[in-house]
Amino acid sequence: QDEKAFNGVAAEHAAKYDVVVDATGSPAGLSLAAGLCRPMGTLVLKSTCAHGTQFNAAPFVIDELKVVGSRCGPIDKALGLLAVKDNEASDNPSDKSLHVTKYITKTFPLSKADQAIKCAAEKATMKVQIICSES
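Residue indices begin from 1 for each chain and proceed along its sequence in written order. Local features in this predicted model are restricted to residues of pLDDT 70 or higher, and side-chain atom pairs are both shown and tallied only at a pLDDT of 80 or more, whereas totals for entire chains, interfaces and linings draw on every residue. With hydrogens and water set aside, each side-chain value is computed from the structure's full complement of heavy atoms.

**Student:** Which residues make up the overall build of the chain, and what values do they have?
**Tutor:** Only DSSP runs of H or I with at least four residues qualify as helices, and only runs of E with at least two residues qualify as strands; both kinds are numbered from the N terminus onward. Within the chain, the secondary structure is distributed over 4 helices and 5 strands. For the chain, the N- to C-terminal ordering of α and β elements is β-α-β-α-β-α-β-α-β. The 135 residues of the chain split such that 20% are buried. Accessible surface, the chain: about 10100 Å² in total, of which carbon and sulfur atoms supply 58%. Residue exposure (1.4 Å probe, protein chains only): buried if accessible area is under 20% of the type maximum, exposed if over 50%, otherwise partly exposed. Only the protein chains shown count as cover for residues, and the accessible areas themselves come from Shrake-Rupley with a 1.4 Å probe.

Below is the structure:
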């Protein structure tokens with residue numbers, strides 16, 4: 001972080017990036033991320049910035065930044081829900097599996113990540129899955 005630069009962003013990095021991910025959860029990190037994002041770029045918030053400080057919306061409005069939230073939660077519970085097998089005889093919602101595969105447009109091996117990124121950029125694509133293991 002450059003203390004002399006606007007938003008702490010050094011001139012060679014200011015407004016340079018199409019997509020910036022902020023996972024700091026701090027107001028300073030959010031401000032820094034906004035300064036790194038190019039006009040009309042996308043800022044992905046991967047954590048909640050819950051501090052009760054003043055918020056300067058000007059950089060977001062002036063640069064027309066698109067802000068995308070990424071909901072978080074306990075990963076162990078999420079993985080447990082994904083592991084549930086359907087119990088057809090039960091009326092209990094917790095006995096039903098989550099059918100998330102219907103949201104996956106296409107699956108790629110890690111060796112074809114470049115093709116996966118191109119597919120993800122297509123308007124008709126909902127989700128792309130990248131398989132990292134070879135087995």
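**Student:** Which residues make up the sheet that holds strand β3 (residues 66-69), and what are the values?
**Tutor:** A sheet is described by the order of its strands in space; here 3 strands give the open sequence β1-β2-β3, paired in parallel fashion. Each end of this open sheet is capped by a strand with a single partner; those strands are β1 (17-22) and β3. Pairwise comparison of adjacent strand axes, ignoring direction, gives a mean angle of 20 degrees for this sheet. When β1 meets strand β2 (residues 37-45), the two strands line up parallel, connected through 5 bridges. Bridge assignment links Y17 to a residue of β2, and that residue is C37. Working rule for contacts: check all heavy atoms of both residues, and any pair within 4.5 Å makes them a contact. Think of each axis as a best-fit line through the C-alpha atoms, taken over the contacting stretch in the case of a helix, with angles from 0 to 180 degrees between the N-to-C directions. Packed onto the sheet, helix α1 (residues 27-36) meets β1 and β2 and runs at close to 145 degrees relative to β2. Strand pairing requires that DSSP identify at least two bridges connecting the strands.

**Student:** Kindly report on α1, identifying the contributing residues and their values.
**Tutor:** Taken together, the buried positions of α1 are G29, L30, A33, A34 and G35. If you follow the buried residues of α1, they end up packed against β1, β2 and α2 (58-62).

**Student:** Hey, could you go over the nonpolar core for me, with residue numbers and the actual values?
**Tutor:** Buried residues of nine kinds, namely Ala, Val, Leu, Ile, Met, Phe, Trp, Tyr and Cys, make up a nonpolar core once their side-chain atoms join them within 4.5 Å. Core analysis: the biggest nonpolar cluster contains 8 residues, these being V20, L30, A33, A34, C37, L43, F60 and L65. Per element, the largest residue contribution to this core is 3 residues, and it comes from α1. If sequence neighbours within four positions are ignored, V20 has contacts with A33, L36, C37, T42, L43 and V44.

**Student:** Explain the side chain of T42 residue by residue, including any values.
**Tutor:** Tracing the backbone through its elements, the reader meets T42 in strand β2. Each residue touching T42, except ones within four places of it in the same chain, is listed here: D18, V19, V20, C37, K66 and V68.

**Student:** Explain the environment of P39 residue by residue, including any values.
**Tutor:** If you trace the backbone, P39 turns up in strand β2. Sequence spacing of P39 and V61 is 22 residues, and the spatial spacing of their C-alpha atoms is 9.6 Å.

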